[in-house]
Amino acid sequence: PGFARCSSTWAETPRSHICRSFVRLLLLLVMAGVDTGKMVELLKALSSAQNQERQQAETLFQQAKASDAQSLLLGFMAVLADESVDEALRRQCAVLLRQLVTRGSDKDFAFAKLAPQHKQEVAAELLRRFEALKEPKLQHKVGEVISKLADAACEKDDQRGWLAPGQRGWPQLLSSAFRLADASANANTALCESSIRLLKDIVPTYKDEIVQAQQQLGSVVQNALAHGDAKIRCAAFVLVCELVGVLEKKAWAPLMATAGVLTQVLQQLCQANLQDELQECLQNYLEIASVEPDFFKQQLTAGMEPAKLLATLVKTREGCEEGVRNLSLEWLVTYAEKKPKWLAKSVPTFAPLTLECCMNLMLEVEAGEDELKAWVERMDDEEGEEDSDELYHNGEEAIDRVVEAMSMESVSSALFQLVAQFASQEAWQAKLAALTAVKQTVEYVEETEHMNEMAKLLLAHMDHPHPRVRYTALHALGQLANDQAPQFQDTWHQTVMPVLLQKMDDPIDRVASMAMSAFVSFGEELENALMIQYASGFMNKLVGRLQSSKHRMVQEESITSIAVIAGVIEKDFAQYYDGIMPLLKQLVMNAKGEKENRLRGKAFECMSLLGLAVGKEKFLPDAKEAVAAMLQTPLEADDLQREYIKEASERICKCLKGDFAPFLPHLLPGLFKALKLEADDAAAKPGA
């Protein structure tokens, strides 16, 4: 009688089909013996804060999925339809439903276990429920369930998800999605937005049918982009991006007419301060730049959009979230990587604008005393550097990518102009940005004049009051030495070597250690005769720092620097051997802390390099002590010392030749173990 009253009351209303749908669902539940209340309790338990209760619920859920998938699915459908149940629980229910209708293993693909009649009822009820829901977030979740079920129902090579035996597809879905997504016919803005998003989600599944329905699609896109509601415009933006990303070029080509409107949507989202929607649109924009960059060609040629707008977002410091700024820069960089030759020829202002954006992000460095103190105290090999100054690091990485993609020949004029502009400013952050740009791009320099300009700029900032500026100048100098060797060393050693010697005494240990690191890069490629000229002064300095400093990075880089001198001047290092070897032995004995593993490893490395430099006769007594210390070092599989000790053993063996034989019985077991670990690592890698 209650069902009859419901049917008669709603018989003349547009929502009468919803009531009839609920009746059919109730009848199914009765036949399946489903207790909706128990389903609600299961959902609550699955999200319980109590581990035991949650684990028990998960076990029940897995058992039901395996033995009674029909009751589980129908029960969740009932919870979804029950407006008295808390919305958060219904959203959780939709998430689980999505899992149950997603194609996968027989164990997890619960929908495949339903009888054909019940499959069709669930599909129909999902569409009806989607249209009837009043809660936008829940509506979105149900839309995601529908798109997953559509994928299963339309899969050519897997009939388990087909709604009817021998019949692939879901005939009602696409027509319903088009109808509900048409903003000119659907006055319910929340439903219209959810429907456009549903349409976007099923584009990969229905791409052939969507191409054939070009007129309907055009109407949906046009009406949505012109709609007064920002969320509908955002949904349309995402839909267009999905279409361009999935369809063939000849099918999406007409959508290039929307490019200008899409840029307007971004501007409107900015003005309305809808940061989440803006980030979503930018993320989709970025994907199109990556997979179909030709979509933007006409727009860029005509007026440099959307590059101008995105550059404005990158440079906006107030009222623009970091995520928006990062995504905007990423679009510019990605496009430069995808279309470098075309941009250089057809849009020559693109690269300078993108480089300027990179420089602007590199201004974003924390300037407080606490931040500087944390930077000064952090070791170069410690984690945490990447977590601070995120925008700066993104700009740093981006400028490297742009110059690599576009070529130094193409961008050098704009790059050097920007570097000079920023370096001339008083703010230390601007100088830091200029020096960072040099550090990141010096490897692409081919002209001697450019190398010399960079060197002059770096050397001019070695005594800057701010330690981060000095540090970056030294870091960039080391990079210059690596990338422009040996020409840089041959031309600049008389200027650079005295500066490096002086900066090893920088009052900030982190800066001093970077001076030593720069010396390593510069000295490795210095000619033997030139290094001999400088060796005495540097050895005195390095030995002194090694004896006096307790800073781990200073100690490590001192040892590496000494090893470089030994490696370059070889037998002429004999005069320094007796002064440094006892210090290395002392370090090996005393450096027992967990963070000192690299220091011990470098000490072993240096000892072996000194041995190669001075020869067997001088080295043999110390070699025995070095090998004994190595053998006494307990090594974990991931210990930093393991590789250092392995390589040091090889050098000592090369130096001692036949006199190394007595050490083999002690060293071989460890070497075999290391080889086994490496083999195990290799076997564990995919494709091994």
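Since the structure is predicted, the reported quantities are computational estimates derived from the model, not experimental observations.

Student: For this particular structure, what's the right way to read the layout of surface pockets?
Tutor: Vacant regions in the atomic arrangement are exposed by a probe of water-molecule size rolled over the atoms. When its volume is computed, the largest pocket comes out at roughly 400 Å³. Along its surface, the largest pocket is lined by 14 residues, and His140, Glu193, Arg197, Lys231 and Glu277 are the ones closest to its centre. Elements with a contribution of two residues or more to the lining of the largest pocket: helix H8 (136-154), helix H10 (189-201) and helix H16 (275-291). Of the residues forming the lining of the largest pocket, the biggest block, five residues, is contributed by H8. Residue composition of the lining of the largest pocket, by class: two nonpolar, two polar and ten charged.

Student: Whenever I open this one, the nonpolar core confuses me. Can you help?
Tutor: Side chains of nonpolar character tend, in soluble globular proteins, to be buried together. If you look at the biggest cluster of nonpolar residues, it comprises 239 residues, and the most contacted ones within it are Phe76, Trp170, Phe295, Trp331, Phe350 and Phe573. Beyond its immediate chain neighbours, meaning those up to four positions away, Phe295 contacts Val240, Val244, Trp252, Leu255, Met256, Thr258, Ala259, Leu262 and Ile288.

Student: Is there a simple way to explain unusual backbone geometry in this structure?
Tutor: The phi angle of most residues is negative, glycine excepted, and most peptide bonds adopt the trans form. In this chain, Glu305 is followed by Pro306 through a cis amide linkage whose omega measures 5°. Structurally, Pro306 can be placed in the loop between helix H17 (297-303) and helix H18 (307-315). Here the amide bond leading from Ala485 into Pro486 is cis, since omega sits at -10°, within 30 degrees of zero. Locating Pro486 in the fold gives a position in the loop between helix H27 (467-483) and helix H28 (487-503). Phi is positive for Met304, which is not a glycine, with a value near 65°. Mapped onto the secondary structure, Met304 falls in the loop between H17 and H18. Owing to a relative accessible area of 9%, Met304 belongs among the buried residues under this scheme. With phi around 50°, Glu570 is a residue other than glycine that occupies positive phi space. Of note, Glu570 is situated in the loop between helix H31 (552-569) and helix H32 (574-590).

Student: Would you mind going over a negative patch on the surface with me for this structure?
Tutor: On the surface, a cluster of negative charge is made up of Glu322, Glu366, Glu369, Asp370, Glu371 and Glu390. Along the chain, Glu366 falls in the loop between helix H21 (350-361) and helix H22 (369-377). Overall, Glu366 belongs to the partly exposed group, its relative accessible area being 47%.

Student: Where do I start with the packing of aromatic side chains in this structure?
Tutor: For any pair of aromatic rings, geometry is given as the distance between the ring centres together with the angle between the planes. All chains considered together, the criterion is met by 17 aromatic pairs. Aromatic side chains Tyr285 and Phe296 sit 5.0 Å apart centroid to centroid with 85° between the ring planes, which places their arrangement in the edge-to-face category. A residue pair is termed long-range when its members are at least 10 positions apart, and Tyr285 in helix H16 and Phe296 in the loop between H16 and H17 qualify at eleven residues. By the burial criterion, Tyr285 is buried, and Phe296 matches it. Relative to Tyr576, the ring of Phe573 lies with its centre 5.6 Å away and its plane at 55°, an arrangement referred to as tilted. The buried category is assigned to Tyr576, whose relative accessible area is 15%. When the ring centre of Tyr392 is taken as reference, the NZ or CZ atom of Arg468 above it lies at 5.9 Å. Positioned above the aromatic ring of Trp375, the side-chain terminus of Arg510 is 4.4 Å from the ring centre.

Student: Sorry, what's going on with the confidence of the model for the chain here?
Tutor: In low-pLDDT regions, the fine details of the predicted coordinates are not to be read closely. In the predicted model, the chain carries a mean pLDDT of 89, and the fraction of residues at 70 or more is 91%. pLDDT under 50 marks residues 1-32. Its contacts with residues more than four places away, or in other chains, come to 33 contacts.

Student: Mind showing me how you'd approach helix H6 (residues 87-100) here?
Tutor: Each full turn of the α-helix corresponds to 3.6 residues, which orients residues three or four apart in the same direction. Look at H6: 20 Å from first C-alpha to last across 14 residues, which is about the 20 Å you get at 1.5 Å a residue. Listed in full, the buried residues belonging to H6 are Leu89, Arg90, Gln92, Cys93, Ala94, Leu96, Leu97 and Leu100. One side-chain oxygen of the residue at the start of H6 lies 3.1 Å from the amide nitrogen of Ala88, identifying that residue as Asp86.

Student: Would you take a moment to explain the pattern of salt bridges for this structure?
Tutor: A side chain of one charge can pair with a side chain of the opposite charge when the charged atoms of the two come close. What the rule picks out here adds up to 44 salt bridges. A salt bridge links Arg160 to Asp106; the shortest N-O distance between them is 2.7 Å. Within this pair, whereas Arg160 is found in the loop between H8 and helix H9 (171-181), its partner Asp106 is found in the loop between H6 and helix H7 (116-132), the two being separated by 54 residues in sequence. For Arg401, the salt bridge goes to Glu330, with nearest N and O atoms at 2.9 Å. Here the residue Arg401 occupies a position in helix H23 (residues 390-406), and Glu330 occupies one in helix H19 (residues 322-338), the gap between them amounting to 71 residues. Overall, Glu330 belongs to the partly exposed group, its relative accessible area being 26%. Three or more residues are tied together by salt bridges with common partners; here these are Arg103, Asp106, Asp151, Glu155, Asp158 and Arg160.

Student: How should helix H33 (residues 597-614) be read in this particular structure?
Tutor: For H33, with 18 residues, the first-to-last C-alpha span of 26 Å sits near the 26 Å given by 1.5 Å per residue. The buried fraction of H33 amounts to 15 of the 18 residues, a majority that puts the element mostly inside the structure. Directly beyond the C-terminal end of H33, a positive phi value near 95° is found at Gly615.

Student: For this particular structure, what's the right way to read the side chain of Lys503?
Tutor: You can see Lys503 is positioned in helix H28. Exposure remark for Lys503: the relative accessible area of 6% places this residue in the buried category. Ignoring sequence-local partners within four residues, the contact set of Lys503 consists of Met462, Asp463, Arg470, Leu474, Ala512 and Ala515.

Student: Just to check I follow, could you spell out empty space enclosed by the protein for this structure?
Tutor: Summed over all chains, the structure comprises one cavity of 30 Å³ or more. For the largest cavity, the calculated volume is near 30 Å³. Lining the largest cavity, in full, are Glu83, Arg90, Ala132, Leu133, Lys134 and Glu135. Along the lines of polarity and charge, the residues of the lining of the largest cavity split into two nonpolar, no polar and four charged.

Student: Just to check I follow, could you spell out the state of the cysteines for this structure?
Tutor: Working definition: the covalent bond between the sulfur atoms of two cysteines is a disulfide. Here the structure, examined in full by the defined rule, presents zero disulfides. Cys320 carries a free sulfur, and the closest cysteine sulfur to it, the one in Cys270, is 6.4 Å from it. The exposure class assigned to Cys320 is buried, which follows from its relative accessible area of 13%.

The rules behind each value
- Residues numbered from 1 in each chain as written.
- Predicted model: local features only at pLDDT ≥ 70, side-chain atom pairs only at ≥ 80, totals over all residues.
- Heavy atoms only, no water.
- 1 Å grid on protein atoms, 1.4 Å probe; cavity = no way out; pocket = protein on both sides within 12 Å on 5 of 7 lines; lining within 4 Å.
- Points joined across faces, edges and corners; volume = space filled by probe spheres on them.
- Helix = DSSP H or I, 4+ residues; strand = E, 2+ residues; numbered from the N terminus.
- Nonpolar A, V, L, I, M, F, W, Y, C, P; charged D, E, K, R; others polar.
- Core = buried A, V, L, I, M, F, W, Y, C linked by side-chain atoms within 4.5 Å.
- Buried < 20%, exposed > 50% of the residue type's maximum accessible area, 1.4 Å probe, protein only.
- Contact = heavy atoms within 4.5 Å.
- Patch = residues over 30% accessible without salt bridge, like charges linked within 9 Å, V, L, I, M, F, W, Y side chains within 5 Å.
- Areas by Shrake-Rupley, 256 points an atom, 1.4 Å probe, with all protein chains shown as cover.
- Salt bridge = Lys/Arg side-chain N within 4 Å of Asp/Glu carboxyl O.
- Lys, Arg positive; Asp, Glu negative; His and termini not counted.
- Charge placed at Lys NZ, Arg CZ, Asp CG, Glu CD.
- Phe/Tyr/Trp six-rings, centres within 6.5 Å; stacked < 30°, edge-to-face > 60°.
- Lys NZ or Arg CZ within 6 Å of the ring centre and 35° of its normal.
- pLDDT = per-residue confidence, 0-100.
- Expected span 1.5 Å × (residues − 1).
- Polar contact = N/O pair within 3.5 Å; in protein donor to acceptor, adjacent residues only side chain to side chain.
- Disulfide = S-S within 2.5 Å.

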